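Below, each chain spelled out in residue letters.
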There are 2 protein chains.
Amino acid sequence: MYKVIFMPSLTVENYLKAIYHLLESEPEGVSTNSLAATLKIKPATVTDMIGKLASARFVKYEKYYGATLTDKGKRTALAIIRKHRLWEVFLSEKLKFSWDEVHEIAEQLEHIDSIELTDRLDMFLGYPKTDPHGDPIPDKNGKITVPELIPLSFAKEGAEGMISGVTEHSPAFLQYLEKNNLTLGTEVMLLEYYEYDLSADIRINKKRQVHLSHEVIKHILIKLHDKH
Amino acid sequence: MYKVIFMPSLTVENYLKAIYHLLESEPEGVSTNSLAATLKIKPATVTDMIGKLASARFVKYEKYYGATLTDKGKRTALAIIRKHRLWEVFLSEKLKFSWDEVHEIAEQLEHIDSIELTDRLDMFLGYPKTDPHGDPIPDKNGKITVPELIPLSFAKEGAEGMISGVTEHSPAFLQYLEKNNLTLGTEVMLLEYYEYDLSADIRINKKRQVHLSHEVIKHILIKLHDKH
DNA sequence: TATTAAATTTAGATTAGCCTAAAATAAATT
DNA sequence: AATTTATTTTAGGCTAATCTAAATTTAATA
Ligand SMILES: [Mn+2]
Ligand SMILES: [Mn+2]
Ligand SMILES: [Mn+2]
Ligand SMILES: [Mn+2]
């Protein structure tokens, strides 16, 4: 049988984090292939590791039907995500890195193992609620409050809101948003959809108007303004 | 032959750092046994790794006669030491960790791979010259200025100076110093040696007098006051 | 200088995390 | 329902970093 995992290694941590994120789009169970694609390794490798994670009770695994996280697995994943996002805030707020630069470095920092460090960093940063990409930061008990956001591509014509998150974190995409003043906190109004390519005209901060592709608006999350 | 090392792994970084520090007391070449003791691994393992480090030109190695660092090896070691000490300053100054707590966490942070991060951290901290233990911090070019300090146990009776470093970093020792007000910056005067056990009476900040064992005074570094 | 002791190296084995190729299973298509 | 395609698993292998046991070399001692 499989060797029991005591302390999760860097590799195991990355598996659990990837499973956590993939469960968003595959709630019934994360497939071997999507995990392999995310981690840039071969499916055969994933199958083996999932077996180990299952016997260490980090995941529940049904052969051929994917993996889901146990409570233990979820706790572990959220602890890593907490660290990742806190370090992103640190890099952005204190070291003045731009929002397209923080993720790569946080990928390393998230594995630093010290609860005391994490909690003091949290305090030092003033207990931030979200990271530079608008993603919520779990508290020290692993509690995460997911804000109610919708993709800009889901907004009705005439709807207004504030850019509050993104669902794509590549430097290229984030730099594109930056260049077009589509950063967090920006006020947007959806003016008109173009059915043939699902693109749309957007008004920015009640002033400038831009035309954005579906590829872009589907990855921008907004908080809709209450209409009264 | 040995596989060539491209990017130094965490393991390789720890070997190079250990060799750098051990060269202080073994300048002719670091022995297999002292490296094994420092890294808490077996001598046979060290022999094998030293071979790999030598073929990657990190060290010069004479079988049976120990290893010394090449320029490449020294550069790599100093980059890690720079990161280690900058993170210790961060933990101490910004997150308010005590000087006996910072080392362990810095052991992990020193392996984070980003020159940009290191240099921005340096700036954020105001380009500190020394870490919380008084050890000098190499600059971004790897230049390190070693201050002229002597062990308190080398001071003549009547000599005065300021505590400016330590040569032992265990939490137990650092906590002992803290408790006895023997922290960095403390003014000390050597009053009298006791030959039979090499202990000494020390005056602290021109006031309180304490009796310290040889074990303690040999690990305290002082900057002697100029006498005119 | 010969012998013993200590340090070091060599030989062979193990584990985690990866791989490729082949086999098995599930899903999709005719 | 039978066949083809896609996904997943199994089997066997590799590398870095470790280990133990045995052999070799250097250093210390008689
Ligand atoms: Mn990120
Ligand atoms: Mn983020
Ligand atoms: Mn240290
Ligand atoms: Mn230090």
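It should be emphasised that the depicted structure is a prediction, and the values quoted were computed from it without experimental measurement.

Reading the values: the criteria
- Residues numbered from 1 in each chain as written.
- Chains lettered and ligands numbered in written order.
- Predicted model: local features only at pLDDT ≥ 70, side-chain atom pairs only at ≥ 80, totals over all residues.
- Heavy atoms only, no water.
- Contact = heavy atoms within 4.5 Å.
- Buried area = accessible area lost by both parts, 1.4 Å probe.
- Salt bridge = Lys/Arg side-chain N within 4 Å of Asp/Glu carboxyl O.
- Polar contact = N/O pair within 3.5 Å; in protein donor to acceptor, adjacent residues only side chain to side chain.
- Donors = N, O, S within 2.8 Å, 3.2 Å for Na, K, Ca; no water.
- Helix = DSSP H or I, 4+ residues; strand = E, 2+ residues; numbered from the N terminus.
- Buried < 20%, exposed > 50% of the residue type's maximum accessible area, 1.4 Å probe, protein only.
- Pairing = 2+ DSSP bridges.

1. Quick word on the interface of chain A and chain B
- Contact with chain A, which involves 20 residues of that partner, is made by 20 residues of chain B.
- Buried area between chain A and chain B, summed over both chains or domains, comes out near 1600 Å², and the portion from carbon and sulfur atoms is 73%.
- A per-residue breakdown of the area chain A buries against chain B is headed by Leu95(A), Gln108(A) and Arg120(A), which together make up 32% of the total.
- The interface formed by chain A and chain B contains zero salt bridges.
- Linking chain A with chain B are six residue pairs in polar contact (both at pLDDT 80 or more), by the criterion used here.

2. A word on the coordination of the manganese ion (ligand 2)
Residue and element names in this part refer to chain A.
- Coordination of the manganese ion (ligand 2) by the protein is provided by Glu88 (OE), Asp131 (OD) and His133 (ND1), with metal-donor distances spanning 2.1 to 2.3 Å.
- Linear spacing of the donor residues for the manganese ion (ligand 2) on their chain is E-x42-D-x1-H.
- The distance between the manganese ion (ligand 2) and the manganese ion (ligand 1) comes to 3.4 Å, with Glu88 serving as a donor to both metals. Of this pair, Glu88 sits in helix H4 (residues 71-94) while His133 is found in the loop between helix H6 (115-124) and strand E3 (150-151), placing the two residues 45 residues apart along the sequence.

3. Overview of the pairing of strand E4 (residues 160-166) of chain B
Residues and elements named next belong to chain B.
- The buried fraction of E4 amounts to five of the seven residues, a majority that puts the element mostly inside the structure.
- Note: E4 against strand E5 (residues 187-194), three bridges, orientation antiparallel. Its bridge partner lying in E5, Glu160 is registered against Met189.
- Looking at chain direction, E4 and strand E8 (residues 220-224) are connected through five bridges and run antiparallel. Among the inter-strand pairings, Ile163 is bridged to a residue of E8, identified as Ile222.

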